Each structure stands twice: as structure tokens, then as C-alpha cells.
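Here's the letter readout for the chains.
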Amino acid sequence: MRESSIKIIIADDNDETRKHLRELLSTHEGFTVIGEAANGLEAVTLAKKLKPDIVLMDIDMPVMGGLEATRAISVEAPMSSVIVLLVEGDPECLREAMAAGARNYLVKPVFGDEFADTIRKTYQLEAERRARIMPMVAPERKEGRIITVFSAKGGVGKTTVATNLAVELSKKPNRNVVMVDLDLQFGDAAIMLDTVPLRTIADIAREEEVDPEIVEACLFTHSTGIRVLPSPLRPEQAEIVTGKHVEAILSILAESFDFVVVDLPQGLGDISLTAMDAADVVCLITSLELHAIKNANICLELMDALGYDDDKVKLVVNRLSRESSLDISDVEKTLKRQVKISIPYEGKLVVDSVNKGVPFVVSNPHAKISLAIKDLAKAVTPQNKVEKAEAGSPSRESLSPSRRVAGVFAGMFGFFIHG
Ligand SMILES: Nc1ncnc2c1ncn2[C@@H]1O[C@H](COP(=O)(O)OP(=O)(O)OP(=O)(O)O)[C@@H](O)[C@H]1O
Ligand SMILES: [Mg+2]
């Protein structure tokens, strides 16, 4: 999103109208649609979460109508200006909308230039008004927490855990969360969130420089309010994304989000190692299968050798079931580490959640599996702000992750990998 770009939420229960408005906005410079709502309640929730500059608000909507939603936004999200969409010749409705706090109105059907002009003028007037009544406040620069979800073996539940963890973390008020899908070849976070992305991380990698505007422009907003940076649409596009891109993207996101949750591909590559180096927390996921535990052991040794402290690496057992011949104490004995969180196997619930594209922490917040994710969310949340500054990783300055891993393997196994 360009610096001057006006952030907009479209609230209308008609899919076609939302599509029409979105297309109309895309034909003009300087507008970014950051969210869509199909009723007034969704509009209020999104406005509080995403803090748009403008909300385009239909009047007749189910669940909560546009007038009530306008009233709520004026009070609960006062930095957002509502422009109501009215039917011609309804002065009474216009009067009520203005009394509810609407800053301007448009008459349906809306057309090109008048539409864009009204939005710009409303935005500028509001910006001037605010500049006069509010003291100058420097934009908040966050120190967001980067949480990577990793496993040495495929299919143990990284994406399931990462998606639900991101949504669970976002449930606390005044917290913004972004999820980054770094499974660049076969990422499926977007599918799990029932979205077909327009832009992906590959669009960032195509730019000459990674800057906050291009990163923001490639995020989509899920109905839960979390933002998502999707993986490329085709496996062959994965190649253009490098460790350097990943480093820059994560650092930019950590400056504007409270939590950056990163889904990783299986195994140790440049992308995973770069992300884990940058992370405050690495959730190492294993199942109760012998080969998954063996691979987790190798990864833990490597992470030790890389200098990740015990607090940074959280061991998580997923798909816990009574039918398994191994249990948590076997894992703890073998890995000589405490299992921080164990997540039960809940086949039907997880499959339903994936097929419907609704994270289970939303559809079944009281299920055991959701409570386990809630515990994980607590475990990855810092107790106080100081923690981040103190928990800095050991020196990692000049060596790239692959060179460092090569060095570590050399130490562990007595040989050196060239490259
Ligand atoms: N706790 C659980 N209970 C039941 N099924 C689960 C659980 N966790 C994950 N699954 C299922 O296991 C399968 C693999 O999960 P997921 O895709 O999250 O794993 P992954 O580690 O991301 O895989 P990949 O390595 O391919 O990226 C999916 O079918 C998912 O629905
Ligand atoms: Mg996955």
C-alpha cells in the first residue's frame, strides 16, 4: 500500500455490489480495500481491528443494519469515517445516517469519478480535522513477536497449528496478527482459510526492493481479522523468493504487527533457517511416531548448536491419541526435553474445519484441541515487554543460515559441507 493510499472497508450484503465497488476502486490510484463485510456487525468488528480510513456502508443489511453499524463505528472506531450508500430520494435516511455519525454519503448506483472524489474529499477533510484537534503523535513502531511453526517431518500438523494459533492469538482485543505462509511450493494456509489470494509473497520478491508498502499490498484480510501473506500460487514461483526476502519481510511485519506467525515447509532449508533465526519462538512439532521423534531429535541438536536457547524452542506434540504405542513421557525421555503443549487427535473436527475453511478455534472454541491451541498461544506470549530485548539470539551477523548449518554439522559430525 502506498503511503498516501486510503484504506477502505466495503460493507454490503450483496456480493455483486461489493465486487462492483472493489473493481471501481481498483481503477483509481490511491485506494486499498483492506476488508469486506457482509453485514453491519462484521463491519464494526473489522473497523475496530483494521482501523480503515473509510468504511463504505450499505444501509439495509442483515444481522446489524448500516445505521446501527455507523453509530457503533463512530463511537468504537472513531478514526474511521463512514460514507453511507443510499438509495436516491430518501432524505429521512440521510438525516438519520448523519445523526449516526456518517461523514458523507453516496447515492446508489455509484459511478467512477464522483465516487473517487467523494472518498478523497471525506478522507482529506477528516485528516485536516484530526490534525487540528489531536496532538502530533509519532506512529507506533511495534516490536512484534515472530513465531515459527516447524517440523522435521511432513504432515505432522504445522499448517493446522499455525493457522489456528494465529487466529487464537488475534482474539485478544487491540492485538493485530499476521500469518506468513513460507511453505513456498505447496503452501495451503490460504485454502485452510477458504481464500483464493490475488497477490502472494512472489509479488514481493519480484520488486526491486522489499518495502512496507509492497508487503502491505500483498496481505489479505481473513474474516477473523488476521492478515495473511500467502505462498506463491505455483510451485515454480517459489524459486524467486530468497532468504534475504524472508528476512526483510519478517522484519517489516514485526514493526507493525503484535504477532507474526510463520508456517514453514518441512525440513531445513535456507528459507526455514532464515525464518527460525529471525524468530522469537520456534514451535517444533512432532507426532508420536518413531521416525518423527528421531527427526525432531536431530533438529533439537542442531538448534542447540545454533545457539537457540531452551526458551526459544517449544516442543509440541500433535495428533496425540490413546491408540499410539508411545506417549508423552517416551518423547520427553528420548528428546531430553519437556513437551510444552500436547494437542489431541481430533480427526472429524479437524477435517470439517479444513473443508469449511473455518479454523476450529472459531467453530469449536471449547473443544479439547482448541483449548490446547489456547495453551500454546499463552506459551508463546511474552510475560512482559522486557523479555524480547533480553531474549536476543546469539550473534548471527555475517554468516548465512546455510553456512552456519554447514559449520554446525561439521562440529556435530566431524566433516564440512562445502557451498
Ligand atoms: N490434531 C489433529 N487431529 C487430527 N488431524 C490432524 C491434527 N493435526 C493435523 N491433522 C491433519 O493432518 C494432516 C496434515 O496436517 P497439516 O497439513 O497441518 O500438516 P503439515 O505439517 O503442515 O504438512 P506439510 O508438511 O505437508 O506442510 C491434515 O489432513 C490435517 O487435517
Ligand atoms: Mg503445511
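Residues numbered from 1 in each chain as written. Chains lettered and ligands numbered in written order. Predicted model: local features only at pLDDT ≥ 70, side-chain atom pairs only at ≥ 80, totals over all residues. Heavy atoms only, no water.

Caption draft 1: Structural context of the overall build of the chain. The number of helices and strands found in the chain is 18 helices and 13 strands. Sorting the 419 residues of the chain into buried and exposed places 49% on the buried side. Summarising the internal contacts of the chain: among those between residues at least 6 apart in sequence, 74% fall at separations of at least 24. Surface accessibility of the chain: about 20,900 Å² in total, with carbon and sulfur atoms responsible for 52%. (Helix = DSSP H or I, 4+ residues; strand = E, 2+ residues; numbered from the N terminus. Buried < 20%, exposed > 50% of the residue type's maximum accessible area, 1.4 Å probe, protein only. Contact = heavy atoms within 4.5 Å. Areas by Shrake-Rupley, 256 points an atom, 1.4 Å probe, with all protein chains shown as cover.)

Caption draft 2: The arrangement of empty space enclosed by the protein in detail. In the structure shown here, the tally under the stated rule is 1 cavity of 30 Å³ or more. The space that makes up the largest cavity amounts to roughly 30 Å³. Surrounding the largest cavity, T163, N164, M192, S353, V358 and P359 form its lining. (1 Å grid on protein atoms, 1.4 Å probe; cavity = no way out; pocket = protein on both sides within 12 Å on 5 of 7 lines; lining within 4 Å. Points joined across faces, edges and corners; volume = space filled by probe spheres on them.)

Caption draft 3: A look at the sheet that holds strand β1 (residues 6-11). Strand order in this open sheet of 5 strands is β2-β1-β3-β4-β5, and the pairing throughout is parallel. A strand with exactly one partner marks an edge of an open sheet, and here the two such strands are β2 (31-37) and β5 (104-108). Taking each pair of neighbouring strands and ignoring which way they run, the sheet shows an average axis angle of 25°. As paired elements, β1 and strand β3 (residues 54-58) share 4 bridges and run parallel to each other. When the bridges of β3 are listed, I8 appears paired with I54. Here helix α3 (residues 66-76) sits on the sheet and contacts β3 and β4 (81-87); the angle it forms with β3, its principal contact strand, is near 160°. (Pairing = 2+ DSSP bridges. Axes fitted to C-alpha atoms, helices over the stretch in contact; angles between N-to-C directions.)

Caption draft 4: Structural context of the pattern of salt bridges. Following the criterion strictly, the structure yields 17 salt bridges and no others. Here R234 and E236 are joined by a salt bridge, their closest N and O atoms 3.1 Å apart. Residue class for R234 comes out partly exposed when judged on its relative accessible area of 45%. A salt bridge links R337 to D310, with the shortest nitrogen-to-oxygen separation between them at 3.5 Å. A residue pair is termed long-range when its members are at least 10 positions apart, and R337 in the loop between α13 (328-335) and β13 (339-344) and D310 in the loop between α12 (290-305) and β12 (313-320) qualify at 27 residues. What makes R337 buried here is its relative accessible area of 14%. Accessibility expressed as a relative area gives 57% for D310, which makes it exposed. Through salt bridges with shared partners, a single ionic network connects D15, R18, R22 and E36. (Salt bridge = Lys/Arg side-chain N within 4 Å of Asp/Glu carboxyl O.)

Caption draft 5: Here's a closer look at the packing of aromatic side chains. Taken as a whole, this structure holds 0 aromatic pairs when the rule is applied. K312 extends its terminal NZ or CZ atom over the ring of Y308, reaching a point 4.1 Å from the ring centre. (Phe/Tyr/Trp six-rings, centres within 6.5 Å; stacked < 30°, edge-to-face > 60°. Lys NZ or Arg CZ within 6 Å of the ring centre and 35° of its normal.)

Caption draft 6: Main features of the pairing of β13. Looking at chain direction, β12 and β13 are connected through 4 bridges and run parallel. Residue pairing for β13: V316 is matched across the bridge by I341. Read from β12 through α13 to β13, the crossover connection turns out right-handed. (Right-handed = clockwise from strand over helix to strand, strands pointing away.)

Caption draft 7: Local environment of the site of ligand 1. Contacts to ligand 1 come from 17 residues, most closely from K158, T159, T160, N318 and R319. Within the backbone of G157, an N or O atom sits 3.0 Å from an oxygen atom of ligand 1. Within the backbone of E346, a nitrogen or oxygen atom sits 3.0 Å from a nitrogen atom of ligand 1. The protein chains hide 79% of the 630 Å² of surface that ligand 1 would expose on its own. At the level of elements, α6 (158-169), β12 and α14 (347-356) are the ones that each hand at least two residues to the shell around ligand 1. Top element by residues in the shell around ligand 1 is α6. It accounts for 3 residues. Among the residues forming the shell around ligand 1, the class breakdown is 6 nonpolar, 7 polar and 4 charged. (Near = heavy atom within 4 Å. Polar contact = N/O pair within 3.5 Å; in protein donor to acceptor, adjacent residues only side chain to side chain. Nonpolar A, V, L, I, M, F, W, Y, C, P; charged D, E, K, R; others polar.)

Caption draft 8: Expanded view of unusual backbone geometry. The residue after K108, namely P109, is reached through a cis peptide bond having omega -5°. Take P109: it is sitting in the loop between β5 and α5 (112-133). The phi dihedral of D194 is positive, around 55°, even though this residue is not glycine. Mapped onto the fold, D194 is located in the loop between α7 (189-192) and α8 (201-205). The exposure class assigned to D194 is exposed, which follows from its relative accessible area of 59%.

Caption draft 9: Broad picture of helix α16 (residues 368-380). Compared with the 18 Å implied by 1.5 Å per residue over 13 residues, the 19 Å span of α16 between its first and last C-alpha is a close match. Regarding α16, the residues found buried are I369, S370, A372, I373, L376, A377 and V380. Angularly, the buried residues of α16 cover 155° about the axis, an arc narrow enough to put them on a single face. Turned more than 90 degrees away from the buried face of α16 sit K368 and K378, all of them exposed. (Expected span 1.5 Å × (residues − 1). Arc of directions from axis to C-beta.)

Caption draft 10: Structural detail: the side chain of R145. When you line up the elements, R145 lands in strand β6 (residues 145-150). Reaching out from R145, the side chain makes a polar contact with the backbone oxygen of V380 at a distance of 2.7 Å.

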